[in-house]
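So the chains spell out like this:
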Amino acid sequence: MGYKSEFLNVLSDRGFIHQCSDFQGLDAKLMSGTQSAYVGYDATAPSLHVGNLISIMMLSWFQKTGHKPITLMGGGTTRVGDPSGKDDQRKLLATNAIAENIAGIKQAFSKFISYGQEPEGGIMSNNAAWLDTLNYIDFLRDVGKHFSINRMLTMDSVKLRLEREQPLSFIEFNYMILQSYDFVELHKRHGTILQMGGSDQWGNIVSGVELGRRMHGYELFALTAPLLTTASGAKMGKTAQGAVWLNEAMLSAYDYYQFWRNSEDADVGKFLRLFTFLSLDEIKKLESLGGAEINEAKKKLAEEATRLCHGHEAAMMAAETARKTFEEGAVAESLPSIAVAMTELQKGVPLIQLLKDAGLVASNGEARRLIQGGGARVNDQLIENDNYVCTADMLGSEGAIKLSAGKKKHALIKVAA
RNA sequence: GGAGGGGUGGCGGAGCGGUCAAUCGCACCUGACUGUAAAUCAGGCGUCUUCGGACUACGAAGGUUCAAAUCCUUCUCCCUCCA
């Protein structure tokens, strides 16, 4: 409501907006024609995770409402390391690791954004293109002179680190300057007027807005999304195994589905708005379901979210796997599985080892504790002996042994082809 | 430059020669209850183990001692006060 532009209306209705440098100015700008906006992603891991999803959705909405989204890979800035929201300095990544990470991260974008030459076609950029070749003295004279140390010290990313008595190295101190420069550079190259990001990026983004104004009189805008927490206050995007990755290679579509399926009741509406493209009317209906009914809303959420990230087929398969596993208690073919050689199975493989190999536990000790604590099952049968050995005759009619750690984590042991 | 205080497990924070793999809280895992939810309750929570133990850990490196997270020395980082 209240906005002229479809983009801001959608974002505000769906709960994407935390702060904006100038709502009216941005609104007017968006009404004046096709604009371009970007979000930067540092290549600190081989895949993005659900924490990044909110900004990807923003870019996607930006495109859907007729504008041009830019995904900026931080090939250059990753070599420096963003101090925002971190207590410790990030270890410096080797350049080749960064290149590999970038390759992994790119996979996810194409699911959410369509790249191309048309006016609202997305652009994939990489700040290494301009940062890697910067001349230090020139950069200091052209860009550095616009930054006041006094102000930088008051920025949260810096201030918090200092207040918490954590060291802040000079290289990290420069991160903000480089990110600011990115914004100016993208405006020069593509006319980008808006940078979006998480609320922790507010300082960095605003400082880019200011740099653009000081250097060239550009009119730039900042828009941030709220920091996402679950209804019980935990930071979003963690599971037992760690981060919820977007790349299939790091987290199966089934596990991704399960992540959403296990959302807390109180989060369902919020997540539907943020992480699906379902209409607000439909979402209202879904979130009004009470009691056990709300499970239907969670299924829809998981299905839609998985569809966006892994495609229709993978989503249907994940939903079906979950249905079989949880609603029928059957062995679903498509559960995550590991392969074991027939010869090994005939000899017998300790359950502990299988649990570990299947990734259901992190160590032998943990496997033992799981078993002793009554949380381990083989073919749905509770196993209490931690020296239990699995053998080939446990293979079910599907040709697999089903392992379970707790009620929700399941894996199949299949015979290696 | 001077004087004090401090760096302990993912985080917070006890311990201050043996009974310390280290009280406790949070986070996390499992079980019960449920709706594959939340809340609650119970158990677990360094690695390995032939379940007897073994190994690695309390900023870093040395030393004293039968024995150190605990004492000594040096180094290092942080905080406070004085200059």
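Just above, that's the structure.
Please read all numbers here as calculations on a predicted model, not as lab measurements.

*Asks:* Describe helix α1 (residues 6-14), and please don't skip the residues or the numbers.
*Replies:* Of all the residues in α1, the buried ones are Phe7, Leu8, Asn9, Val10, Leu11 and Arg14. Each element contacted by the buried residues of α1 is listed here: α2 (23-31), α3 (50-64), β5 (192-198), β6 (221-225), α13 (268-275) and α14 (280-287). One or two steps after α1, the chain reaches Gly15, where phi turns positive at roughly 85 degrees.

*Asks:* Any chance you could break down the sheet that holds β6 for me, citing the residues and the numbers?
*Replies:* The strand order β1-β6-β5-β2-β3-β4 describes an open sheet built from six strands, whose pairing is mixed. In this open sheet, the two strands that pair with only one neighbour each are β1 (19-20) and β4 (123-126). Here six bridges tie strand β2 (residues 36-41) to strand β3 (residues 68-73), and the two strands are oriented parallel to one another. Bridge pairing in β3 places Ala37 opposite Pro69. Strand contacts of helix α10 (residues 175-190): β2, β3, β4, β5 and β6, with the helix running at about 145 degrees to β5, the strand carrying the most contacts.

*Asks:* Run through the nonpolar core, naming residues and quoting values.
*Replies:* The nonpolar side chains of soluble globular proteins are, as a tendency, buried together. Counting residues in hydrophobic clusters, the biggest one holds 70 residues, and the most contacted among them are Phe7, Leu194, Tyr256 and Trp260. Sort the elements by how many residues they give to this core and α3 lands first, with nine residues. Sequence-distant contacts of Phe7, defined by excluding residues within four places in its chain, comprise Leu30, Met58, Trp61, Phe62, Thr65, Leu194, Met196 and Leu223. Counting residues in hydrophobic clusters, the runner-up holds 29 residues, among them Tyr38, Ile123, Val143 and Phe147.

*Asks:* Got a sec to walk through the side chain of His146? Specific residues and values, please.
*Replies:* With respect to the secondary-structure elements, His146 resides in the loop between α6 (136-142) and α7 (149-152). On the basis of relative accessible area, His146 is assigned to the buried category, the value being 16%. Only 3.3 Å separates the side chain of His146 from the backbone oxygen of Asp142, close enough to count as a polar contact. Not counting residues within four places of it along the chain, the set of residues in contact with His146 comprises Leu211, Arg214 and Met215.

*Asks:* Let's hear about the pairing of strand β9 (residues 337-340): which residues, and what values?
*Replies:* Only one face of β9 is buried: it carries Ile338 and Val340, and the other face, with Ser337 and Ala339, is open. The pairing of β9 with strand β15 (residues 409-415) spans four bridges and is classified as parallel. What sits directly across from Ser337, in β15, is Leu412.

*Asks:* Outline the pattern of salt bridges, supporting the account with residue identities and numerical values.
*Replies:* Side-chain pairing between opposite charges can occur once the charged atoms of the two side chains come close. Inspection of every chain in the model, using the stated rule, returns 17 salt bridges. A salt bridge links Arg273 to Glu287; its shortest N-O distance comes to 3.2 Å. Of the two residues, Arg273 is situated in helix α13 and Glu287 in helix α14; the sequence distance between them amounts to 14 residues. The exposure class assigned to Glu287 is partly exposed, which follows from its relative accessible area of 30%. With a closest N to O distance of 3.5 Å, Arg368 and Asp386 form a salt bridge. On the criterion of sequence distance, the pair formed by Arg368 in helix α19 (residues 364-372) and Asp386 in the loop between β12 (381-382) and β13 (389-390) is long-range, its members being 18 residues apart. Classification of Asp386 as buried rests on a relative accessible area of 15%. Each of the salt bridges in this network shares a partner with another, and the network as a whole consists of Arg151, Glu210 and Arg214.

*Asks:* Account for a nonpolar patch on the surface, naming residues and giving values.
*Replies:* On the surface, Tyr136, Ile137, Leu140 and Phe170 cluster together to form a nonpolar patch covering roughly 450 Å² of accessible area. Relative to the helices and strands, Ile137 is located in helix α6. The exposure class of Ile137 is exposed, given its relative accessible area of 51%.

*Asks:* Quick one: what's the story with unusual backbone geometry, residue by residue and with numbers?
*Replies:* Its identity is not glycine, yet Asn379 carries a phi of approximately 50 degrees, on the positive side. Accessibility expressed as a relative area gives 32% for Asn379, which makes it partly exposed. The phi dihedral of Asp380 is positive, around 70 degrees, even though this residue is not glycine. Mapped onto the elements of the fold, Asp380 is located in the loop between β11 (376-378) and β12. Here Asp380 falls in the partly exposed class, since its relative accessible area comes to 37%.

*Asks:* Break down the sheet that holds β11 for me, citing the residues and quoting the values.
*Replies:* Within a sheet, each strand pairs with its neighbour through backbone hydrogen bonds, oriented either parallel or antiparallel. Reading across the sheet, the five strands line up as β9-β15-β14-β11-β12 and stay open at both edges, with mixed pairing between neighbours. Pairing within the sheet leaves two strands with one partner each, and these edge strands are β9 and β12.

*Asks:* How would you sum up the protein's contact with RNA strand B? Please name residues and give values.
*Replies:* If you check the shell around RNA strand B, you find 29 residues, and the closest are Arg261, Asn262, Asp265, Arg369 and Lys407. Protein-proximal atoms of RNA strand B, defined as those within 4 Å of the protein, fall in sugar or phosphate at a share of 67%. The separation between a base nitrogen of RNA strand B and a polar side-chain atom of Asp265 is 2.5 Å. Gly291 is positioned with one of its backbone polar atoms (N or O) 3.4 Å from a base nitrogen of RNA strand B. Of all the secondary structure elements, the ones that give two or more residues to the surface near RNA strand B are α12 (253-261), α15 (294-310), α16 (312-328) and α19. Classifying every residue of the surface near RNA strand B by side-chain character gives seven nonpolar, twelve polar and ten charged.

Conventions we followed
Residues numbered from 1 in each chain as written. Chains lettered and ligands numbered in written order. Predicted model: local features only at pLDDT ≥ 70, side-chain atom pairs only at ≥ 80, totals over all residues. Heavy atoms only, no water. Buried < 20%, exposed > 50% of the residue type's maximum accessible area, 1.4 Å probe, protein only. Helix = DSSP H or I, 4+ residues; strand = E, 2+ residues; numbered from the N terminus. Contact = heavy atoms within 4.5 Å. Pairing = 2+ DSSP bridges. Axes fitted to C-alpha atoms, helices over the stretch in contact; angles between N-to-C directions. Core = buried A, V, L, I, M, F, W, Y, C linked by side-chain atoms within 4.5 Å. Polar contact = N/O pair within 3.5 Å; in protein donor to acceptor, adjacent residues only side chain to side chain. Salt bridge = Lys/Arg side-chain N within 4 Å of Asp/Glu carboxyl O. Patch = residues over 30% accessible without salt bridge, like charges linked within 9 Å, V, L, I, M, F, W, Y side chains within 5 Å. Areas by Shrake-Rupley, 256 points an atom, 1.4 Å probe, with all protein chains shown as cover. Near = heavy atom within 4 Å. Nonpolar A, V, L, I, M, F, W, Y, C, P; charged D, E, K, R; others polar.

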